[in-house]
Amino acid sequence: GSSTTKEEKKNKKKLRKFITSAYSERDPPEKASLSSSSSSSSSSQSRGPLFGVSLVTAVQRSRASERLPLCRVFQDAILHIENHGLTREGIYRVPGFRAKLSELKAMYNRGESVRLANYDPETVGMLLKLYLRELPEPLLTRQLGAKFEGVLQYDDTEQRTAVLCAMLRQLPPEHYATLAWLCLHMNHVSLHVSY
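First things first, this report covers the structure right here in the doc. (Residues numbered from 1 in each chain as written. Predicted model: local features only at pLDDT ≥ 70, side-chain atom pairs only at ≥ 80, totals over all residues. Heavy atoms only, no water.)

Each helix and strand counted, the protein chain has eight helices and two strands in total. In sequence order, the secondary structure elements of the protein chain are arranged as α-β-α-α-α-β-α-α-α-α. For the protein chain, the proportion of its 195 residues judged to be buried stands at 46%. Nonlocal contacts in the protein chain, meaning residues at least 24 apart in sequence, comprise 73% of its contacts between residues at least 6 apart. For the protein chain, the accessible surface area stands at approximately 10500 Å², while carbon and sulfur atoms represent 51% of it. (Helix = DSSP H or I, 4+ residues; strand = E, 2+ residues; numbered from the N terminus. Buried < 20%, exposed > 50% of the residue type's maximum accessible area, 1.4 Å probe, protein only. Contact = heavy atoms within 4.5 Å. Areas by Shrake-Rupley, 256 points an atom, 1.4 Å probe, with all protein chains shown as cover.)

Here you go:
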């Protein structure tokens, strides 16, 4: 009922506040919403493969927008699922079509124009998972990964949050933007799960 809607809005607001407070000095205006002028059709040319390379390299080759340091394949996939897949049951569990996945990966790696509207959300979900799985370095980076695990030692929630936010500020902009969009997107997915 309406209490669920209020709770969802409250959770979204908390997540947006966390994301924006953790990285406010470098965030673009789109920081707390998953929107972009490049909907599900992408034409930006890449100068090499986007899969299996660092986030920094992928963004250099195919930046999604001027103000947002996201790789085009990542942003395209998130926006497509936000617009067409959130109500699909098991969007990240139900497999899409492997042949279509290979086709999409090849198109992005060649820098071709990709129109995700021609693909089902499950295949695009597989594309997003493949892109993240093939990153050579974790989103939290190898350098900071152990430090993030150390946050669990703090019993005080406020202190833990402050330390976590300080560490997030140390991430490269490409890693932070990707992580922020992924967290916000996963929050949206979780709000549409029926138990």
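All right, on to the packing of helix H3 (residues 72–84) against helix H5 (residues 121–133) then. Between H3 and H5, the least distance of the axes is 9 Å, while the angle of their chain directions is 145 degrees. Classified by chirality, the crossing of H5 by H3 is left-handed. In this structure, H3 uses Val73, Phe74, Ala77, Ile78, His80, Ile81 and His84 to contact H5, whose residues at the interface are Pro121, Val124, Gly125, Leu127, Leu128, Tyr131 and Leu132. Considered class by class, the residues forming the contact of H3 with H5 number eleven nonpolar, three polar and no charged. (Axes fitted to C-alpha atoms, helices over the stretch in contact; angles between N-to-C directions. Left-handed = near helix turned anticlockwise from the far one by under 90°. Nonpolar A, V, L, I, M, F, W, Y, C, P; charged D, E, K, R; others polar.)

Before going further, it helps to examine unusual backbone geometry. A positive phi angle is found at threonine 141, which is not glycine, with a value near 65 degrees. Here threonine 141 lies in the loop between H5 and helix H6 (142–150).

Further remarks concern H3. Given a rise of 1.5 Å per residue, 13 residues ought to cover 18 Å, and the 18 Å separating the end C-alpha atoms of H3 matches this to within 8%. A large share of H3 lies buried, amounting to eleven of its 13 residues. Inspection of H3 places Arg72, Val73, Phe74, Gln75, Asp76, Ala77, Ile78, Leu79, His80, Ile81 and Glu82 among the buried residues, and these make up the whole buried set. (Expected span 1.5 Å × (residues − 1).)

In this section: helix H7 (residues 157–168). Taking 1.5 Å per residue as the helical rise, H7 with its twelve residues ought to reach 16 Å, and the 16 Å between its terminal C-alpha atoms agrees with that figure. Burial in H7 covers these residues: Cys165, Met167 and Leu168. In a view along the axis of H7, the buried residues occupy a sector of 160 degrees, so they form one face of it. (Arc of directions from axis to C-beta.)

Turning our eyes to something else, we now look at the environment of glutamate 149. Tracing the chain through its elements places glutamate 149 in helix H6. What makes glutamate 149 exposed here is its relative accessible area of 60%. Taking the C-alpha atoms as reference, glutamate 149 lies 9.9 Å from leucine 164; in sequence the two are 15 residues apart.

A separate point is the pattern of salt bridges. A full pass over the atoms with the stated rule returns three salt bridges. For glutamate 134, the salt bridge identified is with lysine 105, shortest N-O distance 3.0 Å. You can see glutamate 134 sitting in the loop between H5 and H6 and its partner lysine 105 sitting in helix H4 (residues 98–110), a full 29 residues away along the chain. Take glutamate 134: its relative accessible area is 25%, and that puts it in the partly exposed class. Between arginine 110 and glutamate 112 there is a salt bridge, and its shortest N-O distance comes to 2.4 Å. We classify glutamate 112 as partly exposed; its relative accessible area is 30%. (Salt bridge = Lys/Arg side-chain N within 4 Å of Asp/Glu carboxyl O.)

The values reported here are purely geometric and, on their own, carry no functional implication.
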